[in-house]
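Fold and geometry: a report
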Amino acid sequence: LILLDSLLQEMSNQSLLVLLVCLAIFAPGVESDFGSWFSSTWSQAEQASRQAGSAFYRGIKDLACLKLECCSASWRPANYTRLKQLLADNLVGQHIAQDMIVRAVRGHQRNVAPSKPLVLSFHGWTGSGKNFAAQFIADSFYKLGMSSQFVHLFIATLHFPDVRQAGRYKVRAGQTQ
């Protein structure tokens, strides 16, 4: 039975069923042990089938991610050094903002399974570098930068011009994915 069991682990489920039925018919003296052996072997075959299906799915997904933007390390390089350098070179007089941005992004990136997306809200006068900072984050953390499907930039005066429509804007912003 041990040799047969190892052979069965390499067979497909349909072949396995045919072989088990044949064993039940032609193997005298195995009847008492057959039920437990059958359920154990069938359980192992189901588990192997699930693992093979899962591996196949992962393979297809990895293949698709070679061409289509995915949420994987190759599409999200997370270059903290580049972000720090871009902020230091271009965001003049904003030392506190530079530090807070890098810390927030790094903390979110290090979380293996964040429950929510990272949302950063920049406030300040015109020309203080809000959109500039957002672009640096996108360029440092996504291969496609601002063109990434995972980056959404909202500019209040452009995307939300009418204060009376705030409820509608909330719904619309929640639908961007």
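The structure we're discussing is the one just above.
The notes below deal with the structure included here. (Residues numbered from 1 in each chain as written. Predicted model: local features only at pLDDT ≥ 70, side-chain atom pairs only at ≥ 80, totals over all residues. Heavy atoms only, no water.)

**Quick word on the overall build of the chain**
Filter applied, for reference: For the purposes of this entry, the term helix denotes a DSSP run of H or I that reaches at least four residues, the term strand denotes a run of E that reaches at least two, and both are numbered from the N terminus. Only protein chains enter the accessibility calculation, which uses a 1.4 Å probe; a residue is then buried when its area is under 20% of its type maximum, exposed when over 50%, and partly exposed in between. Between two residues, a contact is recorded if the distance between any of their heavy atoms is within 4.5 Å. The protein chains shown are the only cover counted for residues, whose accessible areas, like all others here, come from Shrake-Rupley with a 1.4 Å probe.
A tally of regular secondary structure across the chain gives eight helices and zero strands. Ordered by position from N to C terminus, the α and β elements of the chain give α-α-α-α-α-α-α-α. Sorting the 177 residues of the chain into buried and exposed places 21% on the buried side. The long-range fraction of contacts in the chain, counting pairs at least 24 apart against all pairs at least 6 apart in sequence, stands at 51%. Per element, the accessible surface of the chain, about 13100 Å² overall, is 59% carbon and sulfur.

**Overview of the pattern of salt bridges**
If charged atoms from side chains of opposite charge come close, those side chains can pair. Which entries qualify depends on this criterion: The term salt bridge refers to a pairing of a side-chain nitrogen on Lys or Arg with a carboxyl oxygen on Asp or Glu at a separation within 4 Å.
Applying the stated criterion to the full structure yields two salt bridges. Put simply, Asp162 and Arg164 hold a salt bridge, and the shortest N to O gap is 3.1 Å.

**Considerations on unusual backbone geometry**
Even without being a glycine, Ala78 presents a positive backbone phi close to 50°. Among the secondary structure elements, Ala78 is positioned in the loop between helix H3 (31-64) and helix H4 (80-90).

**Some remarks on the packing of H4 against helix H5 (residues 95-110)**
Packed helix pairs are characterised by how far apart their axes lie and by the angle those axes make with each other. The condition is simple: Note on definitions: angles span 0 to 180 degrees between N-to-C directions of axes, and those axes are lines fitted to C-alpha atoms, for helices only across the stretch in contact. Here the angle decides the label: under 35 degrees means roughly parallel, over 145 means roughly antiparallel, 65 to 115 means roughly perpendicular, and every other value means oblique. Should the near helix be turned anticlockwise from the far one by less than a right angle, the crossing is termed left-handed; should it be turned clockwise, right-handed.
Contact geometry for H4 and H5: axes closest at 10 Å, N-to-C directions at 165°. Taken together, the axes of H4 and H5 are roughly antiparallel relative to one another. The chirality of how H4 crosses H5 is right-handed. Residues Tyr80, Leu83, Lys84, Leu87 and Ala88 of H4 form the contact with H5, whose own contacting residues are Gln98, Ile101, Val102, Val105, Arg106, Gln109 and Arg110.

**With respect to helix H6 (residues 130-141)**
Quick reminder of the rule: A helix is expected to reach a length of 1.5 Å times the quantity of its residues less one.
Here H6 is 12 residues long and its end C-alpha atoms lie 17 Å apart, about the 16 Å a rise of 1.5 Å per residue gives. Among the residues making up H6, those that are buried are Ala133, Ala134, Phe136, Ile137, Ala138, Ser140 and Phe141. Looking at the packing, one finds that the buried side of H6 touches H4 and H5.

**Quick look at the nonpolar core**
Where we set the bar: By nonpolar core we mean a set of buried residues, namely Ala, Val, Leu, Ile, Met, Phe, Trp, Tyr and Cys, connected to one another through side-chain atoms within 4.5 Å.
Grouped together as the largest cluster of nonpolar side chains are 16 residues, with contacts concentrated most on Leu83, Leu87, Ile101, Ile137 and Phe141. Breaking this core down by element, the ones donating at least two residues are H4, H5 and H6. Here this core takes five residues from H6, the largest share from any one element. The contact partners of Phe141, leaving out residues within four places of it in the chain, are Trp75, Arg76, Pro77, Ala78, Asn79, Tyr80, Leu83, Val105 and Gln109.

Such coordinate-based values are descriptive only and should not be taken to indicate function.
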